[in-house]
Amino acid sequence: MNSKLLVLSSKIIFRNPSRMFTASSSKFTKVNDEGFPDPLDLATGIEKKEMLLHLAGNDDPYNLKAIKRGVGTCDKPTLVPSAFEARIIGCVCEEDASHVKWMWLYSGEPKRCYCGHWYKLEFKEALV
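The structure contained in this document is the topic of the report that follows. Predicted, not measured: the structure shown is a model, and the values here were computed from it.

Looking at the layout of surface pockets
(1) Moving on: One number sums up the size of the largest pocket: a volume of about 490 Å³.
(2) Moving on: Contributing to the lining of the largest pocket are 19 residues, with Lys65, Ala66, Ile67, Ile89 and Gly90 lying nearest its centre.
(3) Moving on: Every element with two or more residues in the lining of the largest pocket is listed here: strand 1 (78–82) and strand 2 (86–91).
(4) Moving on: In terms of residue count, strand 2 provides more of the lining of the largest pocket than any other element does, five residues in total.
(5) Moving on: Here the residues of the lining of the largest pocket sort into twelve nonpolar, three polar and four charged.
(6) Moving on: Of the voids in this model, the second largest pocket is the one considered here, and its volume is about 280 Å³.
(7) Moving on: In this structure, the second largest pocket is lined by 16 residues; those nearest its centre are Pro61, Tyr62, Asn63, Ala83 and Ala126.
(8) Moving on: Going through the elements one at a time, strand 1 and strand 2 are the ones with two or more residues in the lining of the second largest pocket.

Below is the structure:
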C-alpha cells in the first residue's frame, strides 16, 4: 500500500505542470518588416543631444580629445576650448617625454609653458 502511494505521489510531484498563461512579449508586440526601431527615436535628454551632434559631424562634444599644438607663440597661442573660466591642461613638451607638465589656464590671459609654447583659453558654449 505504501509503495503504491509513493509511486502515485512521485507522479504528481514530478510531472510537468501545465501553465495557465504565457509570459512572452512576442504575443503582445506587432511584428513588422521594419526590424528594430531607430535608436535616435528612443533616445532622450543628453544622449539624444550627443547623437544629434555626432550626426552633425561633432565627434568630440566634450572636448576630451588631445589638441595638437599650433604655432604656440605669444601672438598666436594654441587655443584651448572651455565652457568655464579656468581649465587644467597638460603639455608634453618633448616628443619622447614620458611625463606631462600640467598647468592652469585662466580666461583672458595666455600662459606660457616651460618649453616655450603659449596657450590661451577660448570660450565654447556648454553642451547642456
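As for the nonpolar core
One recurring pattern in soluble globular proteins is that nonpolar side chains are buried together.
(1) Moving on: Within the largest apolar cluster, nine residues are counted, these being Val80, Ile89, Cys91, Cys93, Met103, Leu105, Cys113, Tyr119 and Leu121.
(2) Moving on: Where this core is concerned, the elements lending two or more residues are strand 2, strand 3 (101–106) and strand 5 (118–123).
(3) Moving on: When sequence neighbours within four positions are dropped, the list of residues in contact with Met103 reads Arg87, Ile88, Ile89, Lys111, Arg112, Cys113 and Tyr119.

Here's the deal with the sheet that holds strand 4 (residues 111–112)
(1) Moving on: Spatially, 1-5-4 is the arrangement adopted by the three strands of the open sheet, whose pairing is mixed. The outermost strands of the open sheet, each flanked by one partner alone, are strand 1 and strand 4.
(2) Moving on: For strand 4 and strand 5, the ladder comprises two bridges, and the chain directions are antiparallel. Residue Lys111 lies in a different strand from strand 5, and its bridge partner there is Tyr119.

Re the packing of aromatic side chains
(1) Moving on: Tallied over the full model, the rule gives one aromatic pair.
(2) Moving on: Here Trp104 and Tyr106 contribute two aromatic rings whose centre-to-centre distance is 6.4 Å and whose plane-to-plane angle is 20 degrees, an arrangement assigned as stacked.
(3) Moving on: A residue is classified by how much of its surface remains accessible, and Trp104, at 43% relative accessible area, is partly exposed.

Thresholds, definitions, all that
Residues numbered from 1 in each chain as written. Predicted model: local features only at pLDDT ≥ 70, side-chain atom pairs only at ≥ 80, totals over all residues. Heavy atoms only, no water. 1 Å grid on protein atoms, 1.4 Å probe; cavity = no way out; pocket = protein on both sides within 12 Å on 5 of 7 lines; lining within 4 Å. Points joined across faces, edges and corners; volume = space filled by probe spheres on them. Helix = DSSP H or I, 4+ residues; strand = E, 2+ residues; numbered from the N terminus. Nonpolar A, V, L, I, M, F, W, Y, C, P; charged D, E, K, R; others polar. Core = buried A, V, L, I, M, F, W, Y, C linked by side-chain atoms within 4.5 Å. Buried < 20%, exposed > 50% of the residue type's maximum accessible area, 1.4 Å probe, protein only. Contact = heavy atoms within 4.5 Å. Pairing = 2+ DSSP bridges. Phe/Tyr/Trp six-rings, centres within 6.5 Å; stacked < 30°, edge-to-face > 60°.

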